[in-house]
Structure formats: structure tokens, C-alpha cells
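# Observations on chain architecture
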Amino acid sequence: MTSCRYIILFFFLLSFSAQSQEFTQLNAAEIKLALQKLNVVGSVLYIAAHPDDENTRLLAYLAKEKKLRTGYLSITRGDGGQNLIGSEQAELLGLIRTQELLAARKIDGAEQFFTRANDFGFSKSAEESLKFWGKEQILEDIVWVIRNFKPDVIITRFPEDARAGHGQHAASAILAREAFVAAADPRRFTSQLAKVQTWQAKRIVWNTSNFGGGNNSTSPEQLKINVGLYNPLLGKSYGEIAAQSRTNHKSQAFGSASQRGDFTEFFNHTAGSRAQADLFEDINLTWDKFKGGKIISVLISQTEKQFDANAPYKSIKPLLKIKRLIEETGQTIKFAEADALILACAGIWFEMNSIEPYYAIGDSIPVHLQAISRLPKDFKHQIAISESLSNQRDIILEPNKGISINSKILFSKKLISQPYWLRSQNALGYYSVDNPDEIGLSENKALFSAHFTVRIGDQEIKVSRPVVYKYTDQVRGEVYQHIAIAPPVTATLSDKGYIFDGNKAQKISVQLQSFSDNTSGILHPQVPAGWVISPKSINFNIPRKGSIETREFNITPGQSSGGNLVINIKVGDQTFQQGFREIKYDHIPAQVLFPRAEARLEKLDIKTTGKKIGYIAGAGDLVAESLKQIGYEVTNLSTEQVSTANLSSFDAIVTGVRLYNTNQQVKMMQARLLDYVSKGGVLLVQYNVNTNLLLSNIGPYPFKLSRDRVSEETAEVGFVNPEHRILNYPNKITEKDFEGWVQERGLYFTSEADPAYSQILSMNDTGEKANTGSLLVSDFGKGKFVYTSLSFFRQLPAGVPGAYRLFVNLLSK
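Residues numbered from 1 in each chain as written. Predicted model: local features only at pLDDT ≥ 70, side-chain atom pairs only at ≥ 80, totals over all residues. Heavy atoms only, no water.

Quick look at the overall build of the protein chain now. From N to C terminus, the protein chain includes 17 helices and 45 strands. The C-alpha radius of gyration computed for the protein chain amounts to 29 Å, which stays within 12% of the reference 28 Å derived for 813 residues, consistent with globular compactness. Projected onto its principal axes, the C-alpha positions of the protein chain cover 85 × 70 × 55 Å. Taking contacts inside the protein chain between residues at least 6 apart in sequence as the whole, the part at least 24 apart equals 74%. Once the 91 positive and 83 negative side-chain charges of the protein chain are each reduced to a mean point, those two points are 3 Å apart. (Helix = DSSP H or I, 4+ residues; strand = E, 2+ residues; numbered from the N terminus. Rg over C-alpha atoms; globule rule 2.2 N^0.38 Å. Contact = heavy atoms within 4.5 Å. Lys, Arg positive; Asp, Glu negative; His and termini not counted. Charge placed at Lys NZ, Arg CZ, Asp CG, Glu CD.)

The next thing to look at is the packing of helix H5 (residues 126-133) against helix H7 (residues 167-182). Look at H5 against H7: their axes get within 7 Å of each other, and the N-to-C directions meet at 75°. One element, H5, and the other, H7, form an angle in the roughly perpendicular class. On H7, the residues touching Ala126, Ser129, Leu130 and Trp133 of H5 are Gly167, Gln168, Ala170, Ala171, Ile174 and Leu175. Among the residues making up the contact of H5 with H7, the classes are represented as 7 nonpolar, 3 polar and no charged. (Axes fitted to C-alpha atoms, helices over the stretch in contact; angles between N-to-C directions. Parallel < 35°, antiparallel > 145°, perpendicular 65-115°, else oblique. Nonpolar A, V, L, I, M, F, W, Y, C, P; charged D, E, K, R; others polar.)

The next subject is the pattern of salt bridges. Where charged atoms from two side chains of opposite charge approach closely, those side chains can pair. If you walk through the whole model with that rule in mind, you get 36 salt bridges. With a shortest N-O distance of 2.6 Å, Lys545 and Glu356 are connected by a salt bridge. With Lys545 in the loop between strand E26 (538-542) and strand E27 (548-556) and Glu356 in the loop between strand E10 (348-354) and strand E11 (358-360), this pair connects stretches of sequence that are 189 residues apart. With a relative accessible area of 31%, Glu356 lands in the partly exposed category. (Salt bridge = Lys/Arg side-chain N within 4 Å of Asp/Glu carboxyl O. Buried < 20%, exposed > 50% of the residue type's maximum accessible area, 1.4 Å probe, protein only.)

Applying the stated criterion to the full structure yields 26 aromatic pairs. Ring plane angle 85° and centroid distance 5.9 Å describe the contact between Tyr701 and Phe780, whose orientation is recorded as edge-to-face. Here the residue Tyr701 occupies a position in the loop between strand E36 (682-685) and strand E37 (704-705), and Phe780 occupies one in strand E44 (residues 775-780), the gap between them amounting to 79 residues. Residue Tyr701 is classed as partly exposed on the basis of its relative accessible area of 26%. (Phe/Tyr/Trp six-rings, centres within 6.5 Å; stacked < 30°, edge-to-face > 60°.)

What links the strands of a sheet is backbone hydrogen bonding, and the strands pair in either a parallel or an antiparallel sense. Strand order in the open sheet made by the 5 strands is E15-E12-E10-E18-E19, with mixed pairing throughout. Each of the sheet's edge strands pairs with one partner strand only, and the pair in question is strand E15 (403-410) and strand E19 (477-482). Across the sheet, the mean angle separating the axes of adjacent strands is 40° when strand polarity is ignored. (Pairing = 2+ DSSP bridges.)

What follows is about the sheet that holds strand E5 (residues 203-208). One open sheet holds the 7 strands; their spatial order is E3-E2-E1-E4-E5-E9-E6, and the pairing between them is mixed. A single partner strand is all that each edge strand has here, and the edge strands are strand E3 (111-114) and strand E6 (223-226). For this sheet, the mean inter-axis angle between neighbouring strands, taken without regard to orientation, is 30°. For strand E1 (residues 43-48) and strand E4 (residues 153-156), the ladder comprises 4 bridges, and the chain directions are parallel. Each residue of the ladder has a partner; that of Ile47, found in E4, is Thr156. Running over the sheet, helix H3 (residues 56-64) touches E1, strand E2 (69-74), E4, E5, E6 and strand E9 (264-272) and is turned about 150° from E2. Its contacts with the sheet put helix H4 (residues 90-108) on E2 and E3, and the angle it makes with E3 is roughly 155°.

Orientation of helix H9 (residues 293-305) relative to helix H10 (residues 316-329), taken along the N-to-C sense of each, is 155°, at an axis distance of 10 Å. Comparing the axis directions of H9 and H10 gives the class roughly antiparallel. Where H9 crosses over H10, the two elements pack in a sense that is left-handed. Where H9 approaches H10, its residues Ile295, Ile296, Leu299, Ile300 and Thr303 are matched on the opposing element by Pro318, Leu319, Lys321, Ile322, Leu325, Ile326 and Thr329. (Left-handed = near helix turned anticlockwise from the far one by under 90°.)

This part is about the environment of Tyr787. Of note, Tyr787 is situated in strand E45 (residues 783-788). Tyr787 gets classed as buried once you look at its relative accessible area, which sits at 0%. Each residue touching Tyr787, except ones within four places of it in the same chain, is listed here: Val685, Gln686, Tyr687, Asn688, Ile698, Phe703, Leu705, Thr750, Ser774, Leu775 and Leu776.

Right, let's talk about H7 for a bit. Count 3.6 residues to each turn of an α-helix, and residues three or four apart come out pointing the same way. Spanning 16 residues, H7 covers 22 Å between terminal C-alpha atoms, matching the ideal 22 Å at 1.5 Å per step. In terms of burial, H7 is largely enclosed, as 13 of its 16 residues are buried. (Expected span 1.5 Å × (residues − 1).)

Before going further, it helps to examine the pairing of E44. The pairing of strand E42 (residues 758-759) with E44 spans 2 bridges and is classified as antiparallel. For Gln759, the partnering residue across the bridge sits in E44 and is Leu776. The pairing of E44 with E45 spans 6 bridges and is classified as antiparallel. Directly across from Ser778, in E45, lies its bridge partner Phe785. Here E44 hands over to E45 after 2 residues, with Gly781 in that stretch at a positive phi of 60°.

See the structure below:
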């Protein structure tokens, strides 16, 4: 019963599911596991706030032991966290963490979804989180995912109260409970009902936990499941699979050790039908609930029992019959699973690749189609493949004879590649998404896909695969990444913000990159009213695609304190305003985006002392680059240089964020650094976290690190000792210097500081006691030691004037 409506719904649901860049080839054990999964008709959705909140062992157990369609809905993309592998912050970190989640899901077998909510940083209450996010719109997103995914059971990671440890954690549980009810209510979010139906999950439960340190929400009377089982087909326990999955969260330093043996998960009832002994109690997870389903179940069981690991193709005939019967039930996901199993049993592989990673709007794109069937010569049906994008028809696949066809396609859409949640200017707490169909997706739908039809005898299998770029790396082997559609030329500014010392002019460099041959045009920069830029425009002519050239402008501040610099790129009769950014790490596919060619210009009343700064990188930040903007000569110091160089040549040395958590060599460096201070130097240590410290004593005198923080970036700041030199030289620090801060004041404040330290500032979040642990200063020998938990790593790149003025004071003798 293949109706037009059925086909439309089929492709809509497939687009809602996660996309893969590469063709996953199943081995015999995985085929057998997939056959077992084909006979289970049920789903479960896990909901939490951030990447790395998910219980990967439970997800692996649900997907690979219970054989359920399993999803993880992360309310945010983790944009407001810290980055342990690089300097990316905010939306760029969110891109990294999105891909880390997708890498984790490939291991544990779950699917990945998101809402529009932005991780705006640590929150101390659910009320604050829901206010920033816009409770109703994020609730609508969750309902949309539930109505699409249709989970039988919903599981939350956190409770709804302070035990969650983070306002966003608690908010995720509140939203999940309300969405459980709203998804079934035809009066809620009625615009969705043109594409999906209401859905009532059987129950929602809280996956309680024992994280240690007195944080134990489990109890003996709760529902229990042993998820530490061993899967002989995979040769791993779910604890081992979970460790591999969780280790993909590399930006959070979540490398995990494998765990083996029994492990009990606990569940507390939240709403719906209460389960007494089994999480899926009173839920029919078999084909019996569908008309004609009993025979489907019998046939799948027979096929699975008779499966020959040495000759998987023998299962093709019964699977073709099963596929026809599944089609009659309207179960689109299971229909796609059957198709995938047939291709796997046949050893059929195909893909379409581009020869370059980037193309300009309107380009013809050369593509390379490859396909092969590994069926034996005596297989009785002929195998033929067609592909509509490149207009290939009925190509016969001879046994184990690969085909390779070159073609060209034209991408006619005037659409530049950009993560869908980053296409528009966004509010603090949520992303703007114009197309409601994209909400929930982990990443963009493919800009263009190859549409394959594989004919086996008289039956057809239709599969769409994204056209991707593939290359061979000498170390990593085959590497896949999405194709990016670019403007003809991009103009990239080196910084998000530029600081001007009074009315002094500054030279700004713009990096031009061409994505077409023979590209010419004009750069037209815009500056704030009253500011002067010279020249007012620059002509360019770039002969080769991929060429990078630099152009320079001189900007002189005007009367206003600042504003935005925007680079307009005129090519022909079109004007573009995009820069270029590529994020590359080995553990995730390369991420390409085209952010607006824009930067903040700030005129700053600032005095500096000293010139030479040594910088020891920690986990990754942009503080060194920010200091160069205000005239400092910054030298990045390696461990060897700290140990051997003449440190007295530096007016101050700064350690990057979390150096004392991430660099094992800090134990050897510490004595040299403190000796430098004692002989008259200034050592400024930026924040570290209180766990996994590599040294117990960071400073010359003892202090401890706590988990205390001030997450309200507008929190009032008091001066404990207004006359202290830190607040008066070379810049007079006032309350005005704490205006315009972003995301937070600081994190992991100090505690129990030795009396030798002066505590400089006092601050607190609403309703809390004043905390004086954000900044410690002490004389040591002839020099000065500074420890700060203030989030300069966010403020300086954002161009916050007062943060610069205070940081300069910390550096000054």
C-alpha cells in the first residue's frame, strides 16, 4: 500500500533521523544483531541538558541489548562549557560538542537530537534557565521531538530540584515531564499537527544516580536494571561500549576506563503508568500489535535463526518478503532497517563523493560515483543500480567488480553552508531557527544527496546518501567531511573584537579567500559613525580558487566609544558579508562555517606598564592574542623554555586556563616560576578546577579551590580593599569596569586562603552570601603572585573594556 502520503512521510521521518557521512558496512555479527532488532518495535528517549550528561551505558544497553530504537535529546549543545582541547568558545564549542555527541552515538547505537536552547553558562536555578531559554518555545521543541520519535518510555537524567546540581539540569527534567503530557494533548502546539500526530508515552522515569560525595539519589525500592551484561555478538559488555562512547567527549576531557561486570541502574517513577518490575512493563514491543504483524515476527525469527555468518546473502530472499510485509504496516523506520539489512547481506556498497571540500554558489560540482556488490556468482538475481542526481540508469553490478563513474552536478540553490542554528542573529538563551522542520536535528540536512535505487530481481531498494568530500590522510586513512557551499570570496577578520588605546589608529588585516577562479570585486568596510577607515575601499582580483590574500585597513577612532566593523564584499552585482572558519580535530569531521565578517571595535582609556609577557598555554584560550592587541609583546613559552630560558626578561608571566589540570610538566615548572616571582617577576595564574589538580600548592602560600562561582555576569562587584594597588595602578578600577561582562563573573573560586594573600573583590549571585575568592594577590620575595578565578578567558576575546583595564593592573609591578 504505497501511497503518495506514505512516501512523503517516509522521507520526512528519515530526514528527522541522524545522518551519516559515510556508508556503514555491517559485519556478520552486526547483521545478526540488526535482525534481532528488526523484531523489536519500540523506542525510548533519554533527556538531559548537555553533551556528556547522557548515561552511555544505559543507552548502549537499551539500543543493543533491548534492541530498542534509542534516542538522546540534549536540550543544549554545550556551548557555555569549557574547552580542554582548544580555544573555541560559545557557538564554536557547541559545534565541536555536537560532533562529539554524534561520534558517541555511533558507538552506543542511539540517535541524537537537540532543541534551540543555548547553554548560556552555569545556572544556579531552573527558573533562571527557563527564563533565559524561553520555557514555552523549548517545551515546544521537546514536544516536536517526542511526536516525531514516538517513544514508549521517556527517561530523564536529573531531578527537578537543587539535587540536580545545575539549573539547566533541573530545567531539563521539568521540561521533559511537561512535554510528556503536552505531546499527547491536541490543544498544545497545534501547528505541529499538520505533520505529526499527538503521542502519549507510557511512562516517564528519572534515572537516579550515585555520583559519590553524598550525592546518592538511588534507593532499594526503586526499579532496577542490570546494565552490565556482556554481548557475545559484539564481544563487549555495555560498560566497555559506554567507555568508548563517552571517550568521544574529548573537549571535556572525558576519557573513560572500561567497566566490566554487573552494574545496576535505578529508576524513580515520575508520571504515567507506574512500572513495578520492568521499565517496559505493559508495553507491546512486538509486531503482534500491527495487522499482519504476527507473520512478520515469525519470518524475522526464522531468518535470524537460519542466518549463516559465512553466507549472509542466503538471508536476502526472506528479507525481501519481510520488507514487503513491513511496507504494508506503514512502519517507515523498520522499512528502512529492512532495506539496510538486505544491502548488508548482499555486501552492496555505494557512495558519491566530490573531489574538493568547498565550492562556490552556482558552481558545477564534479562527483565520483562508486559501487560494488560482493554477492557470489551463483546468486540467482541480477543486481542493478541507478542514481538520479548524476542521471545514471540501470548499471549492472557484476559480482565483486567495482564500478566508478565521474559526472558533474549543478548546485543551483543560492544557499551558503551554515549550521542551521547559526544562520541568524541569536538571543542569549536560544538560537533562532527559521525552518521549523530543522528543529531537533543534530546537524543540517544534506545540501544535496545522491538518490540510489538498487534493483534485486523485481524488487527495488531506494536509499538517499549525502554527497560528501572524501580524501585519504597519510596518518588517518580515509576521511569524510560535508561539502561546503561558499560565497565566491570570504573576508576573515583575525579577532572578534579590537581594542583601541584612546584615539590611536590601528591597522586591521583582512584575509581574503577565493572559492572560484578569477574572482574580482571590491571590499567596502563599514565602521561606527565618526570613526575613520583608510582606504575606504579596496579592489581585489584573485586568479585561483583556494588562494588566500591579505588586505589592510587603518582605523582611527572617533568620538564614540565604539561599535561594529563590518566587511562588505561586492562581487558583480552581489554583496556578501561572510568570513571563513574551519574547525579541525582528528576525532570529529571537519566543521566549516561562514560567520559574518564582523568585529567589535572598542576605544579604551587604558594605561599599560611593561611590555614583555611570557604565556604558558593551558587547556586553550585566546588571552595571549588579546594582550597583543593592546601593545604587549607576548612570547608563548614551552615547558623546556620555562625550564631553561632567562625568565627575568619578562615583565610578567601568565598561565593559561587550567594549566594546573592539564600539563603534567607543571610539576617541573613550578619551582622555576616561583623563583622568578621571588626575584621580582609577576606571575598571574588563571583559573583551574578543583578536581584533578596536578599540584596541591599552586601559589607560594596555601589556598584551596572550591566549586563556588558567580554565574550572573551582571552581579554587583564590591571592593574589599579600595586602596589596594591592584585597583589603582596603572588604571583606576571602578564599578564601571564590571559593566558589559559576558556569561559569568568567574568560576572555581578560591577558599581557605593563607593570610599572606590579599582578597581584592567581593561578589555573589542573587540570594547568596558575598564571596571574596575571585582574586588573590600576594607579595613573594621581590615579586608578585596573582591567582584569579575571574573569567578573563571569555571577557578579553569579547572586547570587554573593564576586563582589559583590570588585567593590565594584575600584570603591573
